[in-house]
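# Close look at the chain arrangement
One letter stands for each residue in the lines below.
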Amino acid sequence: MKKLWSILTMSAMCLALTASIAFAADDAAGAIDTGDTAWVLISAALVFLMTPGLAFFYGGMVRSKNVLSTIMHSFFIVAMISVEWVILGYAMTFGSDIGGFVGSLDKIGLAGVGLQVMEGGTIPELAFVAFQCMFAVITPALITGAFAERIKFGAFVLFILLWAIFIYNPMAHWVWGGGFLAELGALDFAGGLVIHILSGVSGLTICILLGKRRGYGKVPMLPHHLPMTVLGAALLWFGWFGFNAGSALGANGLAANAFVTTQAAAAMATVSWVVCEWLHHGKPTILGAASGCVAGLVAITPAAGFVAPMPAVIIGLVGGIVCYFAVAVVKAKFGYDDSLDAFGVHGIGGTWGAIATGLWCSTDINPAGADGLFYGSADTLIAQLISIVVAYALAIVGTYILFKIVNTITKMRADENEEITGMDIGEHGERAYNQSLVTADSMLTATVESFATAKEMKPVNAK
């Protein structure tokens with residue numbers, strides 16, 4: 001009996017030794033790092049939270065009769081684009097490169113994507129799929145702020161799906177998937193080009209094509225619930241740490257740098273926006289503070305993993321100023337109805353951030369990046385400027401074409417009665433709040449809207 005136990009013990013020790021050798025071989029070949037994987041998955045969850053946060057941010061800024069439809073845009077995008085990403089989006093973005101323009105469909109339906117560690121990385125590819133999925137989700141959600149309160153839901157669904165497939169996926173491949181902009185040397189750490197310029201400029205294009213909201217400039221269109229907007233801004237700020245620091249794809253020094261630069265830029269932009277507003281209008285507002293923090297977050301996004309903390313402060317400072325100017329001055333000057341300032345904050349903020357990356361990026365911060373103009377090289381700035389032009393061109397031309405296609409299939413602009421009664425009732429058959437108590441403000445708004453509508457419908461030959 002003792003001999004049998006000795007044999008079994010020796011056998012177990014041999015098996016353990018063999019397993020240890022096998023695991024050691026796996027480590028040598030590049031095993032999964034559990035810390036890095038945990039950080040990327042947590043960051044994916046943080047970025048996921050940004051889209052519901054955006055829903056609250058936008059929802060509080062619209063009138064009460066449109067709050068549910070506005071929130072529905074972001075919430076439905078989470079579901080629809082997640083499905084699109086798994087089936088097609090990831091393959092188009094990160095599949096084998098075809099001519100520098102799009103990924104092949106070798107990974108369609110996540111074929112061949114499994115638990116194995118990514119080449120040259122420390123995380124399983126599925127973790128990367130999850131992280132990038134959240135980027136694909138929030139990008140089209142940002143556009144919805146430009147056309148809030150006036151788009152039909154069916155047309156919105158079709159447009160956003162086509163936009164994700166034919167505009168977002170190719171642009172993401174060009175910059176992040178080994179496409180021609182990556183070969184050119186464009187730097188975009190977490191989405192200034194791919195996410196903010198693309199969404200902001202597309203938003204401006206579609207809001208012009210749709211036309212102004214009925215009564216715009218004549219009827220009060222004030223935010224109905226600023227606490228909701230501030231809650232949304234806080235959730236966006238919180239989630240943005242996953243957005244930027246998570247793009248390091250590991251729990252490492254680069255993630256720490258991106259975390260600090262994100263906080264520094266957001267804080268500085270909040271201050272600079274509020275100061276501008278205070279000087280311009282005479283009073284600092286909480287809406288201005290919330291908008292300023294988002295402007296700073298947008299501006300630092302492309303640069304977060306390439307610049308040091310002090311340049312991040314400057315990026316935030318300028319970001320708050322230029323975005324305030326775009327929202328408070330430029331929009332009023334040109335008269336376009338960008339409902340919730342998607343272009344003024346994301347388009348302009350993303351443009352400044354992409355330029356700033358070409359000014360302050362440094363290989364001392366990120367050896368995988370490049371040196372910018374202030375560190376002895378103009379090449380990166382030139383690449384950034386070219387990439388910005390490409391992003392603007394794709395957003396404008398692509399959005400225009402998709403708008404015309406969708407509007408031919410189904411009418412995109414809401415009916416007059418829907419706009420007057422509200423998109424919540426007109427498109428979804430529900431209300432956000434109990435309407436039994438009618439305030440003086442709501443009565444005044446309804447009266448002014450009715451008067452404006454009657455004036456617009458007055459016959460040409462009427463005296």
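A brief structural summary. (Residues numbered from 1 in each chain as written. Predicted model: local features only at pLDDT ≥ 70, side-chain atom pairs only at ≥ 80, totals over all residues. Heavy atoms only, no water.)

## Thoughts on the packing of helix H4 (residues 125–143) against helix H7 (residues 192–210)
To describe two helices that pack against each other, one gives the angle between their axes and the distance between the axes. Keep this limit in mind: Angles here are taken between N-to-C directions and fall from 0 to 180 degrees, while the axes themselves are lines fitted to C-alpha atoms, restricted in helices to the stretch in contact. Each helix corresponds to a stretch of at least 4 residues labelled H or I by DSSP, and each strand to a stretch of at least 2 residues labelled E; elements are numbered beginning at the N terminus. For classification, angles of less than 35 degrees are called roughly parallel, those exceeding 145 degrees roughly antiparallel, those between 65 and 115 degrees roughly perpendicular, and all remaining angles oblique. Handedness of a helix crossing follows the sense of rotation of the near helix relative to the far helix, less than a right angle counterclockwise being left-handed and clockwise being right-handed. Whether two residues are in contact is decided by their heavy atoms: any pair within 4.5 Å suffices. When residues are sorted by character, Ala, Val, Leu, Ile, Met, Phe, Trp, Tyr, Cys and Pro go into the nonpolar class, Asp, Glu, Lys and Arg into the charged class, and all the rest, Gly among them, into the polar class.
Relative orientation of the contacting elements H4 and H7 amounts to 30°, with a least axis distance of 8 Å. The orientation of H4 relative to H7 falls into the category roughly parallel. Two packed elements cross with a definite hand, and for H4 against H7 that hand is right-handed. The residues of H7 that touch H4, namely those facing Phe135, Thr139, Leu142 and Ile143, are Val194, Ile195, His196, Ser199, Ser202, Gly203 and Ile206. Of the residues in the contact of H4 with H7, the class split is six nonpolar, five polar and no charged.

## With respect to helix H8 (residues 226–245)
The line we're drawing: Helices are assigned an expected span. That span is 1.5 Å times one less than the residue count. The angle between axes fitted to the seven-residue stretch ending at a residue and the seven-residue stretch beginning at it gives the bend at that residue. We call a residue buried when its accessible area falls under 20% of the maximum for its residue type, exposed when it is over 50%, and partly exposed in between, using a 1.4 Å probe and counting protein chains only.
Spanning 20 residues, H8 covers 29 Å between terminal C-alpha atoms, matching the ideal 28 Å at 1.5 Å per step. Gly239 marks the point of greatest bend in H8, at about 30°. Regarding H8, the residues found buried are Met228, Thr229, Gly232, Ala233, Leu236, Gly239, Trp240, Phe241, Gly242, Phe243, Asn244 and Ala245. At its buried positions, H8 is contacted by helix H2 (34–61), helix H3 (67–94), H4, H7, helix H9 (253–281) and helix H10 (286–300).

## Observations concerning the packing of aromatic side chains
For clarity, the threshold we go by: Two aromatic rings, drawn from Phe, Tyr or Trp (for Trp, its six-membered ring), form a pair once their centres lie within 6.5 Å of each other, and the interplanar angle then sorts them: stacked below 30 degrees, edge-to-face above 60, tilted otherwise.
Scanning the model with the defined rule gives 21 aromatic pairs in all. Measuring from centroid to centroid gives 6.0 Å for Phe57 and Tyr58, while their planes differ by 40°, and the two rings are tilted. Classification of Phe57 as buried rests on a relative accessible area of 5%. Assessed through its relative accessible area of 1%, Tyr58 is described here as buried. Here the aromatic rings of Trp240 and Phe243 are separated by 5.3 Å at their centres, their planes lie at 75°, and the arrangement is edge-to-face. Taken as a pair, Trp240 and Phe243 lie in helix H8 at a separation of three residues, close to a single helical turn. Phe243 carries the same exposure label as Trp240, and that label is buried.

## Comments concerning the nonpolar core
Filter applied, for reference: Put simply, buried Ala, Val, Leu, Ile, Met, Phe, Trp, Tyr and Cys residues joined by side-chain atoms within 4.5 Å make one nonpolar core.
One finds Phe57, Tyr168, Met171, Ile315 and Met412 to be the most contacted residues of the largest nonpolar core, which totals 121 residues. Of all the elements, helix H5 (residues 153–176) adds the most residues to this core, at 15 residues. When residues no more than four places from it in sequence are discounted, the contact partners of Met171 are Leu181, Leu193, Val194, Leu198, Ser387, Ala391 and Leu394.

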